[in-house]
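Structural description and commentary
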Amino acid sequence: AKEHGGAGRLEIYAAHMHARVVSRLELQTELRQALADREFVLEYQPVVDLASSRVTAVEALVRWQHDESLVPPAEFIGPAEESGLITPLGEWILREACEKVASWRVSEWDIGLSVNLSVKQILSPRFVETVAGVLAESGLPAEVLTMEVDEEVLLENPGEAVERLAQLRELGVRLAIDDFGMGYASLAHLRELRVDAIKIDPSFVRDLGNDGTVTLLTHTIIRLGQDLGMQVIAEGIEAPEQLEQLRSMGCGHGQGFLVARPMVASGVEALVGGEAGIPL
Ligand code: C2E
Ligand code: MG
Ligand code: MG
Ligand code: MG
């Protein structure tokens, strides 16, 4: 009976695994098709100067327009990395965003662009040449573009990833550490690689005011960034109290649902219209 039970469980487990593997492969095929069919779309989330409330940049965030739903990146960036699709997808994202922001800048609107990178993309051959090519073709000045990398990028592949990112920086592109403060190695990374900005992880912003340690840590991160001459951007600002705390701590920039949600390009145009700040 024991043997039978064991085999039965194994069979169910195997069937379950099979279904998962198939769906993973199917998803990868669907994603490839989606890129060919131009089903990916970009939203842009405004980043504001906290002192003036003016929009200084937008962060491009990819979505998959699949059937009736808008699929968030958490559901497909991982599979796209596994299948290697992230390389052409990442190039599409970069090109699309650079062209859009370059078109805004033609009308004298001084706005920056942030684009997220995944490690697979950074390590793919010709990555730096691709970025240089997209900048040249879109006409976007390199210093207008910030590329955001998570700390894990540096943790998992320190040598090569750091070297590629340093090459990007030589092009004039700015670098930002995304979700800063989540990894223990945050500080060490700042020695290995010169970065222009740090984005404070939303988990800090969420507990501002409620948790004395978090508040102190946030203040310390802001000071650290300032002392190192970096731009500091707080992410995930949802409440007016969080905004006030960050302002009083001297945090330079902010992003979050309270400021503005990610929106399609026409939404950004309507919201900012070139000059005015967001009333905050
Ligand atoms: P991220 O780069 O840290 O982007 C910020 C995420 O926080 C976005 O989620 C944004 O919609 C969300 N967010 C912004 N403000 C708030 C807020 O006030 N509250 C809350 N709860 N969330 C807020 P999204 O668009 O789902 O993206 C998730 C992650 O997927 C991104 O995190 C980034 O790591 C990755 N991702 C997004 N677009 C791309 C892309 O084009 N390429 C790559 N490689 N990764 C991307
Ligand atoms: Mg980001
Ligand atoms: Mg990220
Ligand atoms: Mg982040």
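If you look the protein chain up in an unreviewed UniProt entry, it shows as EAL domain-containing protein from Halostreptopolyspora alba.

1. Brief notes about the pairing of strand 4 (residues 112-116)
Side-chain direction in a regular strand flips from residue to residue, so the side chains alternate between the two faces of the sheet. Across the 5 residues that make up strand 4, a large majority, 4, are buried. Relative to strand 4, strand 2 (residues 55-66) runs parallel, the two being bridged by 4 bridges. Paired with Ala60 across the bridge in strand 4 is Val115. Where strand 4 meets strand 5 (residues 145-150), 4 bridges bridge the pair, whose relative direction is parallel. Considered in strand 5, the bridge of Ser114 is made with Thr146.

2. Focus: the confidence of the model for the protein chain
Chain-level statistics for the protein chain give a pLDDT mean of 89 and a share of 88% at 70 or above. Taken together, the stretch residues 1-6 has pLDDT below 50 and engages in 0 contacts with residues farther than four places along the chain or on a different chain. The ipTM assigned to the predicted complex is 0.98, against a pTM of 0.91.

3. Details of the coordination of the magnesium ion (ligand 2)
Protein coordination at the magnesium ion (ligand 2): the donors are Glu59 (OE), Asn116 (OD1), Glu148 (OE) and Asp178 (OD), at 2.0 to 2.3 Å from the metal. Between consecutive donors of the magnesium ion (ligand 2), the numbers of intervening residues give the motif E-x56-N-x31-E-x29-D. The metal-metal distance between the magnesium ion (ligand 2) and the magnesium ion (ligand 3) comes to 4.0 Å, with Asp178 coordinating both. Here the residue Asn116 occupies a position in strand 4, and Glu148 occupies one in strand 5, the gap between them amounting to 32 residues. For Asn116, a relative accessible area of 27% puts it in the partly exposed group. Accessibility expressed as a relative area gives 0% for Glu148, which makes it buried.

4. Focus on unusual backbone geometry
The residue Asp67 is not glycine, and still its phi comes out positive at about 50°. Along the chain, Asp67 falls in the loop between strand 2 and strand 3 (69-71). Non-glycine residue Arg126 carries a positive phi angle of around 65°. Tracing the sequence through the fold places Arg126 in the loop between helix 4 (119-123) and helix 5 (127-138).

5. Observations concerning helix 5
Between the first and last C-alpha of helix 5 there are 17 Å, a value that for 12 residues agrees with the 16 Å anticipated at 1.5 Å per step. Among all positions in helix 5, only Phe127, Val128, Val131, Val134, Leu135 and Ser138 are buried. Seen along its axis, helix 5 keeps its buried residues to an arc of 125°; they face one direction. Opposite its buried face, helix 5 presents the exposed residues Ala136 and Glu137, each directed more than 90 degrees away. As for helix 5, its buried residues are in contact with helix 3 (86-106), helix 4, strand 5 and helix 7 (158-171). Gly139 sits one or two positions beyond helix 5 and adopts a positive phi of about 80°.

Cut-offs applied
Residues numbered from 1 in each chain as written. Chains lettered and ligands numbered in written order. Predicted model: local features only at pLDDT ≥ 70, side-chain atom pairs only at ≥ 80, totals over all residues. Heavy atoms only, no water. Buried < 20%, exposed > 50% of the residue type's maximum accessible area, 1.4 Å probe, protein only. Helix = DSSP H or I, 4+ residues; strand = E, 2+ residues; numbered from the N terminus. Pairing = 2+ DSSP bridges. pLDDT = per-residue confidence, 0-100. Contact = heavy atoms within 4.5 Å. Donors = N, O, S within 2.8 Å, 3.2 Å for Na, K, Ca; no water. Expected span 1.5 Å × (residues − 1). Arc of directions from axis to C-beta.

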